[in-house]
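# Coordinate inspection notes
The chain contents come next:
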Amino acid sequence: MLNDTTLATLKASLRGELIQRNEPGYEEARQLYNGMIDKRPRLIARCVDVADVITAVRFGRDHELLTAIRGGGHNGPGLGSCDDGLVIDLSLMKGIRVDPANCTVRVGPGCTQGDVDHAGHVFGLAVPAGIVSTTGIAGLTLGGGHGYLTRQYGLTIDNLIEADVVLADGSFVTAKASQHEDLFWALRGGGGNFGVVTSFVYRAHPVSMVYGGPIFWEVKDARQVMQWYREFLPQAPLELCPFLGLKTVPSTDPFPKEIWGKKICALISCYSGALEEAAAVIEPMRQELPPPILDWMGPMPFPALQSLFDPLLPKGLQWYWKGDFVKELSDPAIDVHLEHAARAPGALSLMHLYPIDGVVHRVGPNDTAWSCREATWSMVIAGIDADPAQASALAAWARGYWEAVHPYTLGGAYVNFMMEEGEERIRATYGDNYDRLVAIKNQYDPTNFFRVNQNIKPG
Ligand SMILES: Cc1cc2nc3c(=O)[nH]c(=O)nc-3n(C[C@H](O)[C@H](O)[C@H](O)COP(=O)(O)OP(=O)(O)OC[C@H]3O[C@@H](n4cnc5c(N)ncnc54)[C@H](O)[C@@H]3O)c2cc1C
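Criteria and thresholds
- Residues numbered from 1 in each chain as written.
- Predicted model: local features only at pLDDT ≥ 70, side-chain atom pairs only at ≥ 80, totals over all residues.
- Heavy atoms only, no water.
- Salt bridge = Lys/Arg side-chain N within 4 Å of Asp/Glu carboxyl O.
- Helix = DSSP H or I, 4+ residues; strand = E, 2+ residues; numbered from the N terminus.
- Buried < 20%, exposed > 50% of the residue type's maximum accessible area, 1.4 Å probe, protein only.
- Near = heavy atom within 4 Å.
- Polar contact = N/O pair within 3.5 Å; in protein donor to acceptor, adjacent residues only side chain to side chain.
- Areas by Shrake-Rupley, 256 points an atom, 1.4 Å probe, with all protein chains shown as cover.
- Nonpolar A, V, L, I, M, F, W, Y, C, P; charged D, E, K, R; others polar.
- Pairing = 2+ DSSP bridges.
- Axes fitted to C-alpha atoms, helices over the stretch in contact; angles between N-to-C directions.
- Contact = heavy atoms within 4.5 Å.
- Phe/Tyr/Trp six-rings, centres within 6.5 Å; stacked < 30°, edge-to-face > 60°.

## As for the pattern of salt bridges
In this structure the tally under the stated criterion is 28 salt bridges. For the salt bridge of arginine 106 with glutamate 162, the shortest nitrogen-to-oxygen distance reads 3.1 Å. One end of the pair, arginine 106, is in strand β6 (residues 104-107); the other, glutamate 162, is in strand β8 (residues 160-166), with 56 residues separating them in the sequence. Its relative accessible area of 15% is what places glutamate 162 among the buried residues.

Put into structure tokens, the structure is as follows:
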């Protein structure tokens, strides 16, 4: 039973804050990145160390509270929070230690992508992860993690060396290749189903200055750009990662006023090889396609590229997204993309194709929980707008677009690009690996205590 005494005991046991409804700070603390999601947890435990996490897990279990784990709070369907239950908020657990001699980085679960980029950059190192600096590294990693360094160095999980985990019974283990091997396998793509990760150790790579940024073409050239891109990508050096977007030019500085609001086809790239070779590698993009309306590719520090989108995507926008894994971009699929992208509501809505080829394909489909090792792209269709009145239009557009293009995809999707879409979608995503994930869930979380996630139910 939850009463004043049990709550006072919990409060006294935590080094971090316990925030309850009607207390100061509650409204701010419950807010998620996606403004479309409005959850009101009963308790928010702002943990500051592993002891706090263990205390919170035991409390949630003993009081049979629906319990959510929150890292960066960026999850699309808001799976970092829950209604009426307990949120284990890790956002204050931000410690990072770079070991430059061994090229590894130990990262706390409250770190954002930007925290990790910042810490590594002074050592000329980067961990392959996402492309927007405000995203939580924890949820991103546990779902798989892809970004500009993926073709060259693999998914984030392919660079995960070990993880400290608080399990559903409150015990603490370290999972790595030689220890709790099954758990380590499941954490690499299986999301927050198996425990609360309190520390991640990653392999880092030498990345410092890169040649990157966007090139925009008018929508009348989009078909040609997409056809060219599908041929170019498989032959491009792995140091080059161009993702494709169907988007709208934001009506704001620093974009030139004459192109504000124009629908465009974009290639947004990062070349992490030798800078002096960059222009030659990019040359086909500049020479073999119609003249772009904007070309902002150039040399910049890696963290600068990683924060290019930040000003356009503040916390609190409305987001509705759906994804799929894509192997080929056929002409009929391009037709569908062009038809639906043209009807995108608002200036922020988008379709992105993120490359997940290259080194990602060198890992076997059963080597990690992430099973799709044959896709060329991870696709996301995202309806985004600042105005809550647009919420249903964003969702209707994204769903309609997704339904039309889904037949041209591999069936499953990146779990971090899903809304709450049901068990069938989760099964399609994990394919052959689903049964092993259920077996590991049975072992580590048989009561499904950790169920606020893309849930793998115990068998
Ligand atoms: C603007 C934006 C850009 C993005 N860009 C990329 C990108 O470039 N690449 C990419 O791969 N993804 C990207 N994503 C998707 C991103 O990976 C997911 O939104 C992810 O869920 C974010 O993690 P989080 O920690 O912020 O989420 P939260 O909402 O805090 O948590 C999401 C889920 O992760 C689990 N979780 C979080 N922390 C822990 C933990 N310590 N232990 C156990 N489980 C935990 C929980 O199950 C929780 O339900 C982007 C998202 C947004 C909104």
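## Overview of the site of the ligand
Near the ligand, the surroundings consist of 34 residues, among which Gly71, Gly73, Leu79, His146 and Tyr414 are the closest. One of the backbone N or O atoms of leucine 79 is found 2.4 Å from an oxygen atom in the ligand. With respect to the ligand, the backbone of valine 197 contributes an N or O atom lying 2.9 Å from a nitrogen atom. In the complex, the protein chains occlude 97% of the 960 Å² of accessible area that the ligand would expose alone. Sorting the residues of the shell around the ligand by element identifies β3 (67-70), α5 (137-143), β10 (196-203) and β17 (318-326) as the ones contributing at least two each. With 4 residues, α5 is the largest single contributor of residues to the shell around the ligand. Tallied by class, residues from the shell around the ligand come to 17 nonpolar, 16 polar and 1 charged.

## Some words on the sheet that holds strand β2 (residues 43-46)
Spatially, 4 strands are ordered β1-β2-β4-β3 in an open sheet, and the strand pairing comes out mixed. Each end of this open sheet is capped by a strand with a single partner; those strands are β1 (18-20) and β3. The mean angle between the axes of side-by-side strands here comes to 20°, regardless of whether they run parallel or antiparallel. Summarising the sheet, β2 and strand β4 (residues 86-89) pair through 4 bridges and their orientation is parallel. If you follow isoleucine 44 over to β4, its bridge partner there is valine 87. Across the sheet, helix α1 (residues 4-13) touches β1 and β2, and the angle it forms with β1 is around 145°. Along the sheet face, helix α3 (residues 50-62) touches β2, β3 and β4 and points at about 165° away from the line of β4.

## Brief notes about unusual backbone geometry
Across the junction of aspartate 253 and proline 254, the peptide omega takes the value 5°, indicating a cis bond. Locating proline 254 in the fold gives a position in the loop between β13 (240-248) and β14 (263-271).

## Topic: the environment of isoleucine 426
Locating isoleucine 426 in the fold gives a position in helix α13 (residues 423-430). Residue classification places isoleucine 426 among the buried residues on the basis of a relative accessible area of 5%. Distance in space between the C-alpha atoms of isoleucine 426 and glycine 383 is 22 Å, their sequence separation being 43 residues. Other than its neighbours up to four places away in sequence, isoleucine 426 contacts Tyr434, Gln454, Asn455 and Ile456.

## Some thoughts on the packing of aromatic side chains
Counting across every chain of the model gives 17 aromatic pairs. Taking the centre distance of 6.1 Å and the plane angle of 20° together, the rings of phenylalanine 216 and phenylalanine 255 count as stacked. Of the two residues, phenylalanine 216 sits in strand β12 (residues 209-218) while phenylalanine 255 sits in the loop between β13 and β14, which places them 39 residues apart along the sequence. Accessibility expressed as a relative area gives 5% for phenylalanine 216, which makes it buried. Classification of phenylalanine 255 by relative accessible area gives buried; the value is 10%. Considering the side-chain rings of tryptophan 319 and tryptophan 321, the 5.4 Å spacing of their centres and the 80° angle between planes classify their relative orientation as edge-to-face.

## A look at the side chain of aspartate 99
By the element assignment, aspartate 99 lies in strand β5 (residues 96-99). In terms of polar contacts, aspartate 99 uses its side chain to reach the backbone amide nitrogen of alanine 101, at 3.2 Å. Reaching out from aspartate 99, the side chain makes a polar contact with the side chain of asparagine 102 at a distance of 2.9 Å.

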